[in-house]
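Read off the chains here:
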Amino acid sequence: MTELEKISAGVSALLGRAFGCYREDLPELPGGGLPRCDRQFEGIADDGECTFFRFLYKNAGYVGVIKGTGGDVRAYAAMLPAYIGSMQDKEADLSKTEYLKRILFGECSSAGVYRYMTKFSVGKSACFALALSVSGHMEEVVSLISQYGGNSLDTVVVLGKNNCALVRFVGKEDEYQSPADYGEFLAQSIREELGGEVTVGVGSVVRGLKDISLSYSQAASALRYAGVFSGSGSVHSYKEYMLVRMLEDVPESKLMEYLGEMTDEGAKEIFADEEMLNTAEEFLQSSLNVSETSRKLYMHRNTLLYRLDKIEKATGLNIRQFPDAVSFRVLTILYRLLGK
């Protein structure tokens, strides 16, 4: 049962009569055997059997439906928008971190975000979110992140045994040039101080806390993609995976069709060989630079060239050339997305 369904059931019990609601922009029914309003109206209306009124829930327009008509029912209809608003925003009883967690997940209305900003004296400063996957004791990680925070408004939210998020507010004299820079600093600090492994997903800077759920969504997606695609390094921006996000929106049947057109048995052998894939990935990450890739992999230059030639022979793609490198990257993503 959704939160709104729970609220509706509570309203029905409170009124002692059937109550339901539906989104104006969707063809759903209000539930409880109640009808939709079949005409446009302003304020409060009825059809002789039910009374209808409008209200906002999490920034979406809804129509409430009460079984019955008359003065008492219209009075209920006039009061219920405010009542539902108070029920959806229970943040007043939450701790700061639990309140912020709701905001990060997009579960707060605009009014709820404003109340958080007022309650905890948060101004309209720009901010961004980081999503972290860490090893070790979360209490120590939270303590360390808080210790290195440059702003008293910065807040760590624990999301699970090995996951947390950080909301960081950007000051005018912030020494870090970007969220990625701060993520690198944080990852290095955790490794050096606690000796644990850490991966950081980075969201974009947004104008204020009302948009922080977007930044967190980007950071969480970057962290998820890094796990799926084994991205090198500790810090990952959602921008790294823009192509992945685009391909995820393509129907799976179409992705299978693309994959079939671009591969044969030889290519499948390459994509089944983790060592070859890791070599190719490092080569792409090193901007197609043979010397740099050899250095990073501690691999002789001739060995690397042999592997690149083998990839070309099997796939028909010379990834030393940019267009073929892009095609190989697409192929890699397709294999990962389709679980090949």
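The structure we're discussing is the one just above.
Here is what the cut-offs are and how they apply
Residues numbered from 1 in each chain as written. Predicted model: local features only at pLDDT ≥ 70, side-chain atom pairs only at ≥ 80, totals over all residues. Heavy atoms only, no water. Salt bridge = Lys/Arg side-chain N within 4 Å of Asp/Glu carboxyl O. Helix = DSSP H or I, 4+ residues; strand = E, 2+ residues; numbered from the N terminus. Buried < 20%, exposed > 50% of the residue type's maximum accessible area, 1.4 Å probe, protein only. Core = buried A, V, L, I, M, F, W, Y, C linked by side-chain atoms within 4.5 Å. Contact = heavy atoms within 4.5 Å. Expected span 1.5 Å × (residues − 1).

**Quick look at the pattern of salt bridges**
Once the charged atoms of two side chains with opposite charge are near each other, the side chains can pair.
Here is step 1 of the chain: Counting across every chain of the model gives 13 salt bridges.
Here is step 2 of the chain: Across the pair R295 and E292 runs a salt bridge, and its minimum N-O distance is 2.6 Å. With R295 and E292 both in helix α12 (residues 290-297), this residue pair falls three residues apart, about one helical turn.
Here is step 3 of the chain: We classify E292 as partly exposed; its relative accessible area is 27%.
Here is step 4 of the chain: Here the residues in one salt-bridge network are E282, E292, R295 and K296, joined through shared partners.

**A short note on the environment of K58**
Here is step 1 of the chain: Looking at the secondary structure, you find K58 in the loop between β3 (50-57) and β4 (60-67).
Here is step 2 of the chain: Looking at K58, the relative accessible area reads 27%, which means it is partly exposed.
Here is step 3 of the chain: Residues K58 and G33, 25 residues apart in the sequence, show an inter-C-alpha distance of 24 Å.

**Side note on the nonpolar core**
As a rule of thumb, soluble globular proteins bury nonpolar side chains together.
Here is step 1 of the chain: I311, I319 and F328 are the most contacted members of the largest nonpolar core, which has 30 residues in total.
Here is step 2 of the chain: Looking at this core, the elements that each hand over two or more residues are α7 (212-229), α8 (242-248), α9 (252-262), α10 (265-271), α11 (274-285), α13 (301-315) and α14 (322-337).
Here is step 3 of the chain: Apart from residues lying up to four places away in sequence, F328 is in contact with F271, L277, A280, L284, I311, L317 and I319.
Here is step 4 of the chain: In this structure, L100, Y116, A219 and L223 belong to the second largest nonpolar core, which totals 24 residues.

**What to know about α7**
Here is step 1 of the chain: Compared with an ideal rise of 1.5 Å per residue, which puts 18 residues at 26 Å, α7 spans 26 Å between its outermost C-alpha atoms and is within 8% of the ideal.
Here is step 2 of the chain: Taken together, the buried positions of α7 are I212, S215, Y216, Q218, A219, A222, L223, Y225, A226 and F229.

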